[in-house]
Amino acid sequence: GRVNVYRAVLSWSSEPETLVGRTSRALRGKRFRRMVVWPVLGLVLVGVAATLVHLSTPKTAEGSARQTIAVLPFQRIGSAAAGEEYLGVGLADALITKLSNVHQIIVRPTNAVLKYDRPAQDALAAAREQKVDAVLSGTIQRAGEKIRIAVQLVKTADGVPMWARTFDEKFSGIFEVQDAISEEVAHSLVERLPRSEQRSLAHRYPDTLAPKDLYLRGRYQWT
């Protein structure tokens, strides 16, 4: 009898200790999750979110941000100033289309720059208004079948020219001039241009004069 009573007392007294122990371990587990697991998990989630944002940001091949540019309508000089308004806008629109094929460059659309088709336009002021990294502007002069195009690419931040050139060609070679300008601008803004995009900047065109003139007139009427 006495032994059985003693065992019963031990059995009764040990059960609350087991419950207390379990409760204590549960509390310690909660504190551990609250103080260690959740903060670590939060840091991991923040890191994942930052990585996704970084990867989703447009980058060039070198890892820098994409360059933005505005191509202004070319100012017409001489005979091109009267009766051939399509030259300045048409050439700018064609360059915008070609440069838009370069994924590392963001080009302002033609309808955003048409308002700058006026004499003595301040290219830097237009670039700052468009909030771009660089601006391409130039002049175009035509005399019969001859054409002179002076163009320069300027950095908006300090007004320093990044590239400039004057082309004296026959009008039948205007598309080749367009290709040369596009390539030089792209290489000035992007150090490593993929071959596929290099090819997209240069195409062969017919040698006859009429289709090229009609093309620029069409681009002008389309804008």
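Please read all numbers here as calculations on a predicted model, not as lab measurements.

Engineer: Tell me about the pairing of strand S6 (residues 161-170), and please be specific about residues and values.
Structural biologist: Each regular strand shows side chains that alternate between the opposite faces of the sheet. Where strand S5 (residues 146-155) meets S6, 9 bridges bridge the pair, whose relative direction is antiparallel. Within S6, the position partnered with Ile 147 by the bridge is Glu 169. Counted along the chain from S5 to the antiparallel partner S6, the turn is 5 residues long, and its residue Gly 159 has a positive phi close to 75°.

Engineer: Which residues make up the environment of Glu 197, and what values go with them?
Structural biologist: When you line up the elements, Glu 197 lands in helix H6 (residues 195-200). Measuring from C-alpha to C-alpha, the distance between Glu 197 and Val 102 comes to 6.0 Å, with 95 residues separating the pair along the chain. Once you skip the residues sitting within four places of it in the chain, Glu 197 turns out to touch Asn 101, Val 102, His 103 and Gln 104.

Engineer: Describe the side chain of Thr 156, with residues and values.
Structural biologist: By the secondary structure assignment, Thr 156 is in the loop between S5 and S6. With relative accessibility at 8%, the residue Thr 156 sits in the buried group. Only 3.4 Å separates the side chain of Thr 156 from the backbone nitrogen of Ala 134, close enough to count as a polar contact. Once residues lying within four places of it in the same chain are set aside, the contact partners of Thr 156 are Leu 124, Ala 127, Arg 128, Val 132, Asp 133, Ala 134 and Val 135.

Engineer: Describe in detail the pairing of strand S1 (residues 67-71), supporting the description with residues and values.
Structural biologist: Of all 5 residues that make up S1, 4 are buried, and the element is covered over most of its length. Where S1 meets strand S3 (residues 105-107), 3 bridges bridge the pair, whose relative direction is parallel. Following the sheet pairing, Ile 69 is matched in S3 by Val 107. Relative to strand S4 (residues 134-143), S1 is paired through 3 bridges, and the arrangement is parallel. Note that in S4 the partner of Ala 70 across the bridge is Val 135.

Engineer: Break down the packing of aromatic side chains for me, with residues and values.
Structural biologist: Under the criterion given, the structure shown has 0 aromatic pairs. When the ring centre of Phe 171 is taken as origin, the NZ or CZ atom of Arg 142, which lies over that ring, is 3.9 Å away.

Engineer: Describe the packing of helix H2 (residues 86-99) against helix H5 (residues 174-189), and please don't skip the residues or the numbers.
Structural biologist: The geometry of H2 relative to H5 is characterised by a closest axis approach of 10 Å and an angle of 50° between their N-to-C directions. Between H2 and H5, the angle is such that the two are oblique. In terms of crossing hand, the pair formed by H2 and H5 is right-handed. In contact with Leu 91, Ala 94, Leu 95, Lys 98 and Leu 99 of H2, H5 contributes Gln 178, Asp 179, Ile 181, Ser 182, Val 185 and Ala 186. When grouped by side-chain class, the residues that make up the contact of H2 with H5 number 7 nonpolar, 2 polar and 2 charged.

Reading guide: rules and limits
- Residues numbered from 1 in each chain as written.
- Predicted model: local features only at pLDDT ≥ 70, side-chain atom pairs only at ≥ 80, totals over all residues.
- Heavy atoms only, no water.
- Pairing = 2+ DSSP bridges.
- Helix = DSSP H or I, 4+ residues; strand = E, 2+ residues; numbered from the N terminus.
- Contact = heavy atoms within 4.5 Å.
- Buried < 20%, exposed > 50% of the residue type's maximum accessible area, 1.4 Å probe, protein only.
- Polar contact = N/O pair within 3.5 Å; in protein donor to acceptor, adjacent residues only side chain to side chain.
- Phe/Tyr/Trp six-rings, centres within 6.5 Å; stacked < 30°, edge-to-face > 60°.
- Lys NZ or Arg CZ within 6 Å of the ring centre and 35° of its normal.
- Axes fitted to C-alpha atoms, helices over the stretch in contact; angles between N-to-C directions.
- Parallel < 35°, antiparallel > 145°, perpendicular 65-115°, else oblique.
- Left-handed = near helix turned anticlockwise from the far one by under 90°.
- Nonpolar A, V, L, I, M, F, W, Y, C, P; charged D, E, K, R; others polar.

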